[in-house]
Amino acid sequence: MHTNRRRAAAGFLAIALAAAAPWAHAADEAPDVMIGRLSNDVLKAIRADQAVKKGDIDHIIAIVDDRIMPNVNFTRMTASATGPGWRQATPEQRQRLQAEFKTLLVRTYAGALRQIGDQTVDVLPLRASPADNEVVVKTLVKGRGDPVQLDYRMEKTPGQGSGWKVYDLNVLGVWLVDNYRPQFSQQINAGGIDRLIGSLADRNKANADAGAAR
């Protein structure tokens with residue numbers, strides 16, 4: 001039962017990441033409207049994507065780069081997961097850390113994308129004022145079994161590329177940033193940012209080798 005819930009959580013988080021895809025939309029589109037529209041549009045697109053169903057990792061990475069990352073503040077997400085160590089990291093270390101973290105997330109949830117079936121996403125009423133620049137959008141993912149609440153922390157960004165961006169996700173009561181922060185902190189305490197980068201690189205290599213062996 002616990003394993004099934006973990007697999008379900010992975011599938012829901014994959015939906016969450018995919019829901020950030022940047023289909024054309026107005027910069028002043030409300031965050032809950034944006035999440036609702038994109039979630040259901042992307043679910044339809046993934047169901048029809050044979051390369052995703054076959055687990056083509058290069059294709060999935062391309063989807064992440066082209067469709068997901070533009071609407072995710074991944075720098076903020078990585079910095080929050082890294083904690084105080086982020087401030088001491090060099091620009092080159094930050095770039096490497098973000099690249100390895102993104103690869104880890106993509107490889108972790110690539111398999112879950114293949115499991116997407118008849119799920120639908122309902123957006124709950126947004127509790128926020130028009131002046132808020134940060135909100136939490138709550139949704140319910142419905143499919144087989146009980147509905148699962150999936151929350152998005154979002155921020156409104158000014159200037160070029162303005163609009164709402166996701167910077168954290170909550171699946172089954174666990175925020176993604178909170179989940180990784182203790183792991184990152186342990187590695188940094190043991191050997192600094194380079195130790196963390198190396199640990200993520202090792203995990204990514206192991207995941208890639210395991211995928212190649214299947």
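Data block above holds the structure.
What you see is a predicted model, and the numbers here were worked out from it, not measured in a lab.

A.B. asks: Talk me through the nonpolar core; I want residue IDs and the actual numbers.
C.D. replies: Formed by 37 residues in total, the largest nonpolar core has its most connected members in F101, Y152, M154 and Y180. Among the nonpolar cores identified, the runner-up in size contains seven residues, and V42, V52, I57 and I63 belong to it.

A.B. asks: Explain the pairing of strand β2 (residues 134-142) to me, using residue names and the numbers behind them.
C.D. replies: Going residue by residue along β2, you find V135, V137, T139 and V141 tucked away on one face and E134, V136, K138, L140 and K142 left uncovered on the opposite face. Where strand β1 (residues 120-123) lies against β2, four bridges are found, and the strand directions are antiparallel. Paired with D122 across the strands is L140, a residue of β2. In the sheet, β2 pairs with strand β3 (residues 148-157) via eight bridges, with the strands oriented antiparallel. For V136, the partnering residue across the bridge sits in β3 and is R153. Taking the residues between adjacent antiparallel strands as the criterion, β2 and β3 are bridged by five residues, where G145 takes a positive phi near 85°.

A.B. asks: Account for the environment of T139, naming residues and giving values.
C.D. replies: If you trace the backbone, T139 turns up in strand β2. Taking C-alpha positions, T139 is 8.2 Å from G36, a pair spaced 103 residues apart along the chain. Contacts of T139, omitting those with residues within four sequence positions, involve I35, V121, D122, V123, L124, V148, Q149, L150, D151 and Y152.

A.B. asks: Explain the environment of M154 to me, and be specific about the residues and the numbers.
C.D. replies: Within the secondary structure, M154 sits in strand β3. Along the backbone, M154 and N73 are 81 residues apart, and their C-alpha atoms lie at a distance of 8.8 Å.

A.B. asks: For the pattern of salt bridges, give the residues involved together with the corresponding values.
C.D. replies: Using the criterion set out here, one finds nine salt bridges in the structure. Of the charged contacts in the structure, one is a salt bridge between D122 and K142, with a shortest N-O distance of 2.7 Å. Separated by 20 residues along the polypeptide, D122 in strand β1 and K142 in strand β2 bring together distant segments of the chain. Overall, D122 belongs to the partly exposed group, its relative accessible area being 31%. Exposure remark for K142: the relative accessible area of 35% places this residue in the partly exposed category. Put simply, R153 and D168 hold a salt bridge, and the shortest N to O gap is 3.2 Å. Remark: D168 occurs in strand β4 (residues 163-171) and R153 occurs in strand β3; sequence separation between them is 15 residues. R153 gets classed as partly exposed once you look at its relative accessible area, which sits at 26%. Residue class for D168 comes out buried when judged on its relative accessible area of 2%. When salt bridges that share partners are traced, they join R76, E134 and E155 into one network.

Thresholds, definitions, all that
Residues numbered from 1 in each chain as written. Predicted model: local features only at pLDDT ≥ 70, side-chain atom pairs only at ≥ 80, totals over all residues. Heavy atoms only, no water. Core = buried A, V, L, I, M, F, W, Y, C linked by side-chain atoms within 4.5 Å. Buried < 20%, exposed > 50% of the residue type's maximum accessible area, 1.4 Å probe, protein only. Helix = DSSP H or I, 4+ residues; strand = E, 2+ residues; numbered from the N terminus. Pairing = 2+ DSSP bridges. Contact = heavy atoms within 4.5 Å. Salt bridge = Lys/Arg side-chain N within 4 Å of Asp/Glu carboxyl O.

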